[in-house]
Amino acid sequence: MPHSTNKELMLGIMVGTTGISLLLLWYHKVCKPRTAMNLPKFLSLGNAFDLVTSQDEMQNDQGTAAIYQRRQLQILEKLNELLTNMEELREEIRILKETIPKLEEFVCGELGGKTTAHRISPQHRTRKRRLATVQSSGTSNSSEETESEGGYITASTDTEEQSFPVRKALNKYVEELNLDILLQKADNLRMDESKKMESFELLCDHKEKFRDEIEFIWRLVRAYGDMYELSTNTEEKKHYANIGKTLGEKAVTRAPMNGHCHLWYAVLCGYVSEFEGLQNKVNYGYCFKEHLDKAIQLLPAEPFLYYLNGRYCYAVSKLSWIEKKMAATLFGKIPTSTIQEALQNFLKVEELHPGFSKSNYMYLSKCYRDLKQTENAMKFHDLAEQLPCITKEDKNAEEEMKKISIALKK
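Since the structure is predicted, the reported quantities are computational estimates derived from the model, not experimental observations.

Further remarks concern the overall build of the protein chain. Each helix and strand counted, the protein chain has 16 helices and three strands in total. The burial tally for the protein chain puts 34% of its 410 residues in the buried class. By sequence separation, contacts in the protein chain at least 24 residues apart represent 66% of the contacts at least 6 residues apart. Accessible area for the protein chain stands at about 25,300 Å²; split by element, carbon and sulfur atoms hold 57% of it.

What follows is the structure, given as structure tokens:
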């Protein structure tokens with residue numbers, strides 16, 4: 001290798017070495033200090049993030065409190081609006097209560113003698129078959145008994161039985177019956193559960209003749225109540241209840257001092273209430289109690305009245321808090337009673353008529369059970385079981401006694 005070439009090689013190596021040294025010196029002097037400076041800056045940035053986060057959390061807490069307050073205000077506004085609406089509703093109900101009687105009078109006046117149709121019940125069909133020999137002219141004038149196409153009968157809208165339309169007698173024997181004999185016969189037939197329908201038909205046969213006799217009218221009201229109990233079809237029940245209630249209203253209007261009129265009008269009001277909404281049901285409940293109390297004043301020795309009053313007291317004592325509040329909101333008063341009041345009425349029944357009914361013993365047992373007097377509850381439970389099942393009410397009492405027996409044995 002030539003000497004000049006060696007010199008050039010050596011010179012290149014020295015220049016390269018010097019460059020590398022200068023590069024390393026630059027790195028230590030410039031890059032490292034920057035790195036050392038940047039590290040604290042990164043840490044300070046983290047602290048800044050923590051500060052910002054803390055501030056955000058404080059702002060979030062304040063925001064949550066503000067949102068909570070706003071929601072509280074919204075709830076209070078809604079409650080105030082609800083109370084206002086309830087007051088308006090009560091006022092509208094008050095106006096309706098004042099208007100409806102006038103409307104009813106207006107409608108009755110407008111309708112006058114117009115008629116509507118009611119479906120004839122199977123009991124009426126049975127009766128018509130038995131009376132098939134009667135001349136058609138003798139029955140064509142009856143508002144209740146005239147059957148039209150499709151199995152309907154023509155009847156007045158709300159005064160079907162009040163008008164007692166005149167028709168010919170069904171037979172000569174009916175013509176010869178006087179009022180006392182008729183009433184006695186109807187009462188005797190009614191004592192047999194299987195002959196209550198016959199008692200009802202007997203009274204219907206004479207309603208044109210004795211339409212103005214109060215003793216006859218309240219018995220006819222009672223007979224419609226019997227037919228309500230005997231019927232199993234809802235429409236039939238409603239039909240009998242409505243007619244009976246209308247007749248009962250007529251009876252108490254014409255004879256306000258007759259206890260039987262008040263008694264059976266109260267009973268039919270109770271039957272009609274079964275087909276009504278809450279508002280009318282409560283209204284009929286007050287009507288029932290009003291006429292029942294009046295009947296007790298006029299007939300203080302009638303055990304059936306105390307039995308009904310006992311049942312009313314027992315039912316009211318079992319009303320839930322919400323049911324009482326609804327009644328208070330709608331009508332401004334709350335029906336009140338206690339188990340003890342119910343018990344006293346059922347005991348009064350037993351005092352006036354020992355062994356009055358299986359159902360009365362059943363309610364006595366229930367009252368004592370509710371009052372935690374197990375011994376007395378078992379006593380009347382056993383007495384109830386000793387009485388036979390005759391009526392539908394007896395059968396219902398029998399089923400209830402089974403439940404009471406299980407509860408008393410626990």
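What follows picks up the thread again.
Turning next to the side chain of Lys 245. Looking at the secondary structure, you find Lys 245 in helix α8 (residues 234-254). Apart from residues lying up to four places away in sequence, Lys 245 is in contact with Tyr 265, Leu 268, Cys 269, Val 272 and Tyr 284.

This part covers the packing of aromatic side chains. Within the structure shown, the criterion is met by 16 aromatic pairs. Seen in terms of ring centroids, Tyr 224 and Tyr 240 are 6.1 Å apart; in terms of plane orientation they differ by 45 degrees. Their pairing is tilted. Of the two residues, Tyr 224 sits in helix α7 (residues 214-230) while Tyr 240 sits in helix α8, which places them 16 residues apart along the sequence. Given the relative accessible area of 0%, Tyr 224 is considered buried.

This next bit is on the side chain of Asn 309. The residue Asn 309 is located in helix α11 (residues 303-317) in this model. On the accessibility criterion, Asn 309 (8% relative accessible area) is buried. Beyond its immediate sequence surroundings of up to four residues, Asn 309 is in contact with Lys 289, Leu 292, Asp 293, Ile 296 and Asn 345.

The next thing to look at is a nonpolar patch on the surface. Together, Leu 278, Trp 321, Ile 322 and Met 326 line one region of the surface with nonpolar side chains, adding up to about 430 Å² of accessible area. Here the element with the most residues in the nonpolar patch is helix α12 (residues 321-331); it accounts for three residues. The topology assignment puts Leu 278 in helix α10 (residues 278-298).

What follows deals with the pattern of salt bridges. Across all of its chains, the model carries 15 salt bridges by this definition. Salt-bridge contacts for Asp 226 lead to Arg 190; the nearest nitrogen and oxygen are separated by 2.7 Å. Taken together, the residues Asp 226 in helix α7 and Arg 190 in helix α5 (residues 179-190) connect sequence positions 36 residues apart. Pair check on accessibility: Asp 226 and Arg 190 agree, each one buried.

Conventions adopted
Residues numbered from 1 in each chain as written. Predicted model: local features only at pLDDT ≥ 70, side-chain atom pairs only at ≥ 80, totals over all residues. Heavy atoms only, no water. Helix = DSSP H or I, 4+ residues; strand = E, 2+ residues; numbered from the N terminus. Buried < 20%, exposed > 50% of the residue type's maximum accessible area, 1.4 Å probe, protein only. Contact = heavy atoms within 4.5 Å. Areas by Shrake-Rupley, 256 points an atom, 1.4 Å probe, with all protein chains shown as cover. Phe/Tyr/Trp six-rings, centres within 6.5 Å; stacked < 30°, edge-to-face > 60°. Patch = residues over 30% accessible without salt bridge, like charges linked within 9 Å, V, L, I, M, F, W, Y side chains within 5 Å. Salt bridge = Lys/Arg side-chain N within 4 Å of Asp/Glu carboxyl O.

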